[in-house]
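In case you want the letters, here they are:
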Amino acid sequence: MKRIGVFVCHCGLNISDTVDVKKVIEEIGKLPEVAHAVDYTYMCSDPGQEMIKNAITKKKLEGVIVAACTHTLHETTFRNAIASAGLNQYQFENANIREQCSWVHKDKKVATEKAIEIIKTMIEKLKLNQSLAAINIPITKKALVIGGGISGMQAALDIANSGFEVILVEKTSSIGGRMSQLSETFPTLDCASCILTPKTVEVGHHPKIKLLTFSEIEEVEGYLGNFKVKIRRKPAFVDWEKCSGCGLCSEKCPTNVTSEFERDMGTRKAIYIPFPQAVPKKPVIDSKNCIYFKTGKCKLCEKICPIGAIDYNQKESFIEENVGVIIVAIGYDLLSKELIGEYGYGKYKDVIDGLQFERLLSASGPTAGKIKRPSDGKIPKDVVFVQCVGSRDPEHGMPYCSKICCMYTAKHALLYKHAVHDGQAYVFYIDIRSGGKGYEEFVQKAIEDEKIIYLRGKVSRIFKDSRDEGKLVVWGVDTLTGKKIEIAADMVVLAMAAVPNEGAKELAKKLKISTDPYGFINEAHPKLRPVETLTAGIFLTGCAQAPKDIPETVAQASGAAARAITILSKPELEMDPLIAAVDEEICTGCGICVEVCAYDARKLHDIKKMAEVNEALCAGCGACISACPSNASIHKNYTKEQILRMIEEIT
Amino acid sequence: MDLYYYPGCTLKTTAKNFEIPALESIEKLGHKMIELPRWNCCGTVHSLAADDLIHQLAPVRTLIRISETGSDKVVTLCAMCYNTLKQTNKIMLEDAEKRDRINNFLDEEKDYSGNVTVLHLLEFLRDEVGFDVIKQRIKRPLNGLKLSPYYGCLLLRPEGIGIDDIETPRVIEDFIEALGGKAVESPFNNECCGSYHTVNDIEPVVERAKMIIDDMDNRGADGIVVGCPLCFFNLDYRQKDVKSSYNDFNFKPIFYFTQLLAIALGLDEKICDFDEHFVDPRPLLFSKKLVLGGQKRK
């Protein structure tokens, strides 16, 4: 018979107020298998743990029960304690007499009886517990980062600088992401490119980073430590190995197309490098607009290329990589202004979104940093900025706050005033949310020094003036004075809601991670596990999770990288062995367990034709145990016999 | 199947000249609209109060009259009737609790479950007749007459009830172009006309009418097309009050869409009874050779 020790915790008064601890000890002590039973105020404290360790040695205990709080809090504490006294850690059981007993009852007599019952059932379970060893899983010491914006780059650099290899996959032809489109950054107004390019260059040259731009994730298989990823490399129609990035091809290309990088405010060629500081600085051919691809003629780029790097026959290719961890950093987009009817459904050229205004401000933008409005190139003298367009608007937008708009709108208005001294900027806002170091001061400075007119209220309609084609009439309300406001503006800038990038939900599906209803990737715990997803080994960072600004994104990226490094730096992964197993004597190979397993942890062995368990994937949920028609599926230390004895004890 | 239409009070009294052109035009287009027997008040303004079921009874009774004919749809000519009947029908279709209470209360009537489709005549013309068919049938194209559509609220709101997109509706534009006119777009085509304020406080109505008409005038419209009798009243009759406050105001003729349809189909303009309009549209129509002389200024 196993010699069992029972330790009952008072948890201050949390337990002992409702449960008569002395009575419990007295009753439990009468059981033949209980070799030792004591109580203590705080079992989890150091003296409490010492008490357990001493008892194991002195009383030669073979199993330990601590009757205290829920196992989610202190199971590890007590397992470690008994292991340090030489006992197998799986000879420990936790009897929850707090959440499931003392906290939910008032009658001391009844609660005491229930506490005794709970402990007795756990004794029944413990009697049949096997001594188990942790499962060790090898780890591929390589990380995959999806997304080459500031967030993905920061995570990739942190991991690479710790000595691990990183594969960075970016769907466009250059890294840099949204930040590369920005002009200057709040609240310090440093130029976005100036602080970004050192990072892009470092990523581009890092010996530990394998950069795969113009590529997308095709398939993901495997599990923590052992992911297998298939990456699709889109055809650039340029041999990047040969290409020197001289740019002659773009110069000669006769086709002008609106540029995605310039948010349709400028043009690019059909063979193009998206922006001057692109990394890698290699062009791609946009086959939809290329004359050669449309008509079979032209080939000017091929003729001009001095090294013969143009390859019209390039096909898409696939690369397979094994990685141990994955970081998702797929960024954000802006809600399309075409969705907002009352602001003209995007039909007025001079109603632009925040990113378009960034391009107007940018020295490398379509107007070389001069603020000229898109319709006629005039310098706008009255500019209206509208915040919360599609954000905080459950009726026809998103219910959430996009977080970055208050700050970037203040920055926009301020930079506009710096560029056009005699201009007037108006900002319509609901609230000004400027939490952050130096943020509130920045907004106040913009309002006071630059005399920007902040109007608290929403804009109801934007339309072309019927008498003056060049003016946009903005109707709004100032809720502080209760007055209706009408402004004849030259340009309107809409702070559109930040939304997940296109394809976010699809990628989440491939990675088997969850998203919220809008498509932002869900974190494992909103407070305590903000950089992990619920799938072990997959981390998230940046605006893929929710809208956030650059400092917060960089901090989260480093956080995600640190969590990834925690895994990569271990020689092997140690996993709990309390999972499913197969009794091969009984298994008929029917395959029902394979179907019911939600974690892909079950498959039929090719030769043996019997079910087997992938120990790294099994979460120990028990679905296969209840589904198995021949009782061949076993849950280690939760066998049917154990559970039946526990039930018998309380009935 | 017979096509029933629900006229409502206005079309049978002050707006007879919108009803007759509608009936005759539809007949000309090869359909026949039968007036719903034993119809009653549509309920006028749809009550949005969640516990105010008594105001839903009148439209429910009308909907029951329709289902008794064996028809599964009804055409309305007035935007108010359209909106009230359609919103109430939605309640009867989707809200089981309210449906049961109303059906229990109306114990002398058969139970009703929202199975009638409520259409505005513009919808019927667009979706069932087809503007392309109308285009082929017209005898007197509007000769590029520049007209601004005006929708008001009840044809468009709320979402799911309206006959077109709330912010950029196209149906009247397409209708005008099918008749050979030129649609002049105005951002004020879904602004409020002042609605029932016109009964006891005309000042806001005068201001709104002036704003809407001036904007359409500035954009080059010769006339305005409406699909709601109340909008018509506020935009047409109230021009008298606009003029008395603003001397430089230019009168602008207002058309009910059925009148333009009748004229384009070559029907006698007398059925439109333009004498009933405050701003006589005949000089404009005459200038485009759409009517013979004869004009009157009130």
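Residues numbered from 1 in each chain as written. Chains lettered and ligands numbered in written order. Predicted model: local features only at pLDDT ≥ 70, side-chain atom pairs only at ≥ 80, totals over all residues.

Caption draft 1: Looking closely at the overall build of chain B. Per the secondary structure count, chain B includes 14 helices and eight strands. On C-alpha atoms alone, chain B measures out to a radius of gyration of 19 Å, which is about the 19 Å that the 2.2 N^0.38 rule sets for 298 residues. Dimensions of chain B along its principal axes, counting C-alpha atoms only, are 60 × 45 × 30 Å. The buried share of chain B, reckoned over its 298 residues, is 48%. Partitioning the intrachain contacts of chain B with sequence separation of at least 6 by distance along the chain shows that 77% fall at a separation of at least 24. (Helix = DSSP H or I, 4+ residues; strand = E, 2+ residues; numbered from the N terminus. Rg over C-alpha atoms; globule rule 2.2 N^0.38 Å. Buried ≥ 20, exposed ≤ 12 C-beta atoms within 10 Å, placed from the backbone. Contact = placed C-beta atoms within 7 Å.)

Caption draft 2: Summary view of the overall build of chain A. A tally of regular secondary structure across chain A gives 18 helices and 34 strands. Summarising its shape, the C-alpha atoms of chain A cover approximately 95 × 65 × 40 Å along the three principal directions. Looking at chain A as a whole, 44% of its 651 residues are labelled buried. Sequence separation of 24 or more characterises 69% of the internal contacts of chain A that already satisfy a separation of 6 or more.

Caption draft 3: Looking closely at the interface of chain A and chain B. Across the boundary between the two partners, chain A contributes seven residues, which contact eight residues of chain B. In terms of residue class, the side of chain A that touches chain B is made up of two nonpolar, two polar and three charged. (Nonpolar A, V, L, I, M, F, W, Y, C, P; charged D, E, K, R; others polar.)

Caption draft 4: Fine view of helix α7 (residues 192–205) of chain A. Residue and element names in this part refer to chain A. The end-to-end C-alpha distance of α7, which contains 14 residues, comes to 20 Å, matching closely the 20 Å that a straight helix rising 1.5 Å per residue would cover. The complete set of buried residues in α7 reads Ala192, Ser193, Leu196, Thr200 and Val203. All buried residues of α7 fall inside an arc of 90° around its axis, so they share one side. Within α7, the exposed residues directed more than 90 degrees away from the buried face are Cys194, Pro198, Val201 and His205. Contacts from the buried residues of α7 go to α6 (150–161), β7 (165–169), β8 (184–185), β9 (190–191) and β10 (209–212). (Expected span 1.5 Å × (residues − 1). Arc of directions from axis to C-beta.)

Caption draft 5: How the structure looks around the sheet that holds strand β26 (residues 483–489) of chain A. All names here are of chain A. Ordered by their spatial adjacency, three strands build an open sheet running β24-β25-β26, and the pairing between neighbours is antiparallel. Unpaired on one side and paired on the other, β24 (459–464) and β26 mark the two borders of the sheet. Going from strand to strand, the sheet's axes swing by 20° on average, the running direction of each strand aside. Bridge analysis of strand β25 (residues 472–478) against β26 gives seven bridges, and the strand direction is antiparallel. The residue bridging Val477 from the neighbouring strand is Lys484, located in β26. (Pairing = 2+ DSSP bridges. Axes fitted to C-alpha atoms, helices over the stretch in contact; angles between N-to-C directions.)

Caption draft 6: Looking closely at the packing of helix α3 (residues 57–68) of chain B against helix α4 (residues 79–94) of chain B. Residues and elements named next belong to chain B. Closest axis-to-axis distance for the α3/α4 pair is 9 Å, and the angle between their directions is 85°. With respect to each other, α3 and α4 are oriented roughly perpendicular. Along its contact with α3, which presents Pro59, Val60, Thr62 and Leu63, the element α4 presents Thr84, Leu85, Thr88, Asn89 and Met92. Per-class residue counts for the contact of α3 with α4 are five nonpolar, four polar and no charged. (Parallel < 35°, antiparallel > 145°, perpendicular 65-115°, else oblique.)

Caption draft 7: Geometry of the pairing of β7 of chain A. Residues and elements named next belong to chain A. Within β7, four of the five residues are buried, leaving the element largely enclosed by the surrounding structure. Inspection of the sheet shows strand β6 (residues 142–146) paired to β7 by five bridges, in the parallel sense. Following the sheet pairing, Val145 is matched in β7 by Leu168. This β-α-β element, β6 to α6 to β7, shows right-handed connectivity. Pairing geometry for β7 and β10, over four bridges, is parallel. Bridging across to β10, Val169 finds its partner in Leu212. (Right-handed = clockwise from strand over helix to strand, strands pointing away.)

Caption draft 8: Spatial organisation of the domain arrangement of chain A. Residues and elements named next belong to chain A. Each assigned domain of chain A is listed with its residue range as follows: domain 1 (4–127), domain 2 (142–234 + 316–331 + 501–568), domain 3 (248–304), domain 4 (332–499) and domain 5 (579–635). Computed over C-alpha atoms, the centres of domain 2 and domain 3 are 27 Å apart. The interface of domain 2 with domain 3 comprises 16 residues on the first partner and nine residues on the second. Ranked by the residues each element gives to the side of domain 2 that touches domain 3, the list is headed by α7, at six residues. (Domains from an automatic or database assignment.)

Caption draft 9: Representation of the domain arrangement of chain B within the structure. All names here are of chain B. Assigned domains within chain B: domain 1 (3–121) and domain 2 (130–287). Each side of the interface is counted separately: domain 1 has 20 residues, and domain 2 has 22 residues. Contributing elements (two or more residues each) for the side of domain 1 that touches domain 2: α1 (8–12), α2 (16–28) and α4. Among the elements that take part in the side of domain 1 that touches domain 2, α2 stands out by supplying eight residues, more than any other. Of the residues contributing to the side of domain 1 that touches domain 2, the split by class is 11 nonpolar, six polar and three charged.

Caption draft 10: Examining the sheet that holds β7 of chain A more closely. All names here are of chain A. Spatially, the five strands line up as an open sheet ordered β10-β7-β6-β18-β29, and their pairing is parallel. Unpaired on one side and paired on the other, β10 and β29 (538–540) mark the two borders of the sheet. Direction aside, the axes of adjacent strands within the sheet are offset by 20° on average. Relative to strand β18 (residues 325–328), β6 is paired through four bridges, and the arrangement is parallel. Looking at β18, one finds that Val145 is bridged to Ile327.

Caption draft 11: Region of the structure containing the pairing of strand β2 (residues 34–40) of chain A. Residue and element names in this part refer to chain A. Sheet topology places strand β1 (residues 4–9) next to β2; six bridges connect them, and they run parallel. Bridge pairing in β2 links Val8 to Asp39. With helix α1 (residues 21–29) bridging β1 and the parallel β2, this β-α-β connection has right-handed handedness.

Caption draft 12: Quick peek at unusual backbone geometry. Residues and elements named next belong to chain A. A cis geometry characterises the amide bond from Phe186 onward to Pro187, with omega recorded as -5°. With respect to the helices and strands, the residue Pro187 is situated in the loop between β8 and β9. Cis geometry marks the peptide bond from Val279 to Pro280; its omega dihedral reads -5°. Structurally, Pro280 can be placed in the loop between β15 (271–272) and β16 (284–285).

Caption draft 13: Focus on the nonpolar core. Judged by nonpolar contacts, the single largest core of 137 residues is most densely connected at Ala143, Ala156, Ile327, Val328 and Val492 of chain A. Here this core gets nine residues from one element, more than from any other, and that element is helix α12 (residues 405–419) of chain A. Apart from the residues within four sequence positions on either side, Val328 of chain A is in contact with Ile146, Gly147, Leu511, Ile521, Ile538, Leu540 and Ala544 of chain A. Leu11, Met33, Leu179 and Leu230 of chain B belong to the second largest nonpolar core, which has 89 residues in total. (Core = buried A, V, L, I, M, F, W, Y, C linked by C-beta atoms within 7 Å.)

Caption draft 14: Expanded view of the environment of Lys230 of chain A. All names here are of chain A. As for its position among the elements, Lys230 is in strand β12 (residues 226–233). Take Lys230: there are 14 C-beta atoms within 10 Å of it, and that puts it in the partly exposed class. Sequence separation between Lys230 and Ala160 is 70 residues, and the spatial gap between their C-alpha atoms is 21 Å. Leave out the neighbours within four places in its chain, and Lys230 touches Glu218, Glu219, Phe318 and Glu320.

Caption draft 15: Up close: the packing of helix α2 (residues 46–59) of chain A against helix α3 (residues 71–84) of chain A. Residue and element names in this part refer to chain A. One can describe the packing of α2 onto α3 by two numbers: an axis separation of 9 Å at closest approach and a directional angle of 35°. Here α2 runs over α3; the crossing is right-handed. Contact residues: α2 offers Gln49, Ile52, Lys53 and Ile56, while α3 offers Ala81, Ile82 and Ser84. Among the residues making up the contact of α2 with α3, the classes are represented as four nonpolar, two polar and one charged. (Left-handed = near helix turned anticlockwise from the far one by under 90°.)

Caption draft 16: Seen up close, the environment of Asn89 of chain B. Residue and element names in this part refer to chain B. Position of Asn89 among the secondary structure elements: in helix α4. Look at Asn89 and you get buried, because 25 C-beta atoms sit within 10 Å. The sequence separation of Asn89 and Glu276 amounts to 187 residues, and the corresponding C-alpha distance is 34 Å. Ignoring anything within four residues of it in the chain, the contact list for Asn89 reads Leu63, Gly114, Val116 and Val118.

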